Amino acid sequence: SQTIHQWPATLVQPVGSPLSLECTVEGTSNPNLYWYRQAAGRGLQLLFYSVGIGQISSEVPQNLSASRPQDRQFILSSKKLLLSDSGFYLCAWISRERYNEQFFGPGTRLTVL
Amino acid sequence: GQQVMQIPQYQHVQEGEDFTTYCNSSTTLSNIQWYKQRPGGHPVFLIQLVKSGEVKKQKRLTFQFGEAKKNSSLHITATQTTDVGTYFCAAERTTDSWGKLQFGAGTQVVVTP
């Protein structure tokens with residue numbers, strides 16, 4: 001069966017510090033991968049998506065970047081965090097064979113102080 | 001760009017009562033999905049609707065896709081405390097969207113015993 005991991009689960013970082021969040025998927029190959037951000041009490045905003053290794057598309061201009069160094073690894077980064085980067089970051093994937101539901105990871109709750 | 005509007009934003013329900021949450025788009029949708037996010041958790045896929053006028057049921061949950069494929073609804077009968085959470089609709093506008101979903105802002109459901 002497929003599983004998706006995210007770490008860390010929670011993170012408190014000062015403004016101006018760097019960020020690296022990691023997402024890995026097991027039990028599937030060549031998935032589409034997605035990064036979302038959810039502000040407190042709000043909906044999900046799609047940040048990046050990737051259809052393959054090294055292929056990243058950005059949905060909104062922002063202070064963040066993404067990379068996909070391996071088929072089942074998706075990384076969200078920032079060189080200098082802003083207060084507005086606080087939120088709940090969710091990684092998700094879909095199977096190309098079952099192109100309907102998205103499977104979400106447990107998320108990383110980021111607080112920038 | 002495409003907007004998916006979801007109402008109401010909050011829903012307080014007495015245990016045993018019914019309620020409905022609605023999802024509307026100004027553009028025709030290729031399909032619509034519904035997710036449930038428990039407090040502190042991540043979104044979990046409930047269902048996908050594809051056909052015009054489609055109705056699907058999952059126990060006490062009834063999902064409907066409008067005839068024009070521009071709106072959808074989720075109706076829950078005999079609400080239970082386990083129904084607490086936020087319900088999101090999510091739309092994939094075209095079939096070549098690479099699985100990119102536009103999420104509604106969600107309906108946060110609180111159930112009082």
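Residues numbered from 1 in each chain as written. Chains lettered and ligands numbered in written order. Predicted model: local features only at pLDDT ≥ 70, side-chain atom pairs only at ≥ 80, totals over all residues. Heavy atoms only, no water.

**Student:** Before we go on, may I ask you to explain the overall build of chain B in this structure?
**Tutor:** The secondary structure content of chain B amounts to zero helices and eleven strands. Along its sequence from the N terminus, chain B presents helices and strands in the succession β-β-β-β-β-β-β-β-β-β-β. At 14 Å, chain B has a C-alpha radius of gyration in line with the 13 Å of a compact globule built from 113 residues. Viewed in the frame of its principal axes, chain B has a C-alpha envelope of about 45 × 30 × 20 Å. Within chain B, the fraction of its 113 residues that count as buried is 50%. (Helix = DSSP H or I, 4+ residues; strand = E, 2+ residues; numbered from the N terminus. Rg over C-alpha atoms; globule rule 2.2 N^0.38 Å. Buried < 20%, exposed > 50% of the residue type's maximum accessible area, 1.4 Å probe, protein only.)

**Student:** I'm lost on the overall build of chain A in this one. Help?
**Tutor:** The helix and strand inventory of chain A stands at zero helices and eleven strands. Counting from the amino terminus, chain A carries its helices and strands in the arrangement β-β-β-β-β-β-β-β-β-β-β. The globule rule puts the C-alpha radius of gyration for 113 residues at 13 Å, and the 13 Å found for chain A is close to it. For the C-alpha atoms alone, the extent of chain A along its principal axes is close to 40 × 30 × 20 Å. Out of the 113 residues in chain A, the part that is buried amounts to 50%. Once local pairs closer than 6 in sequence are excluded, the contacts in chain A between residues at least 24 apart make up 55%. By element, 52% of the accessible surface of chain A is carried by carbon and sulfur atoms, the whole surface being about 5300 Å². (Contact = heavy atoms within 4.5 Å. Areas by Shrake-Rupley, 256 points an atom, 1.4 Å probe, with all protein chains shown as cover.)

**Student:** Please clarify how the pairing of strand S4 (residues 32–38) of chain A should be interpreted in this entry.
**Tutor:** In regular strands, side chains alternate between the two faces of the sheet. Residues and elements named next belong to chain A. Among the seven residues of S4, seven are classified as buried, and the element is accordingly described as predominantly covered. Side chains Asn32, Tyr34, Tyr36 and Gln38 project from S4 onto one buried face, and the interleaved Leu33, Trp35 and Arg37 project onto a second face that is buried too. As paired strands, S4 and strand S5 (residues 44–52) are joined by six bridges and run antiparallel to one another. Across the sheet, residue glutamine 38 finds its bridge partner in S5, namely leucine 44. Between S4 and S5, which follow one another and run antiparallel, lie five residues, and glycine 41 among them has a positive phi close to 70 degrees. (Pairing = 2+ DSSP bridges.)

**Student:** It is not clear to me how the state of the cysteines should be interpreted in this structure. Could you clarify?
**Tutor:** Covalent bonding between the sulfur atoms of two cysteines is what defines a disulfide. All names here are of chain A. Per the counting criterion, the structure on display carries two disulfides over all chains. Residue pairing for cysteine 23: its cysteine sulfur links by disulfide to cysteine 91, the two sulfurs lying 2.0 Å apart. Note on the cysteine 23 and cysteine 91 pair: the S-S dihedral is about -70 degrees, so by sign convention the disulfide is left-handed. Of this pair, cysteine 23 sits in strand S3 (residues 19–26) while cysteine 91 sits in strand S9 (residues 87–94), and the two are 68 residues apart along the sequence. Exposure remark for cysteine 23: the relative accessible area of 0% places this residue in the buried category. (Disulfide = S-S within 2.5 Å.)

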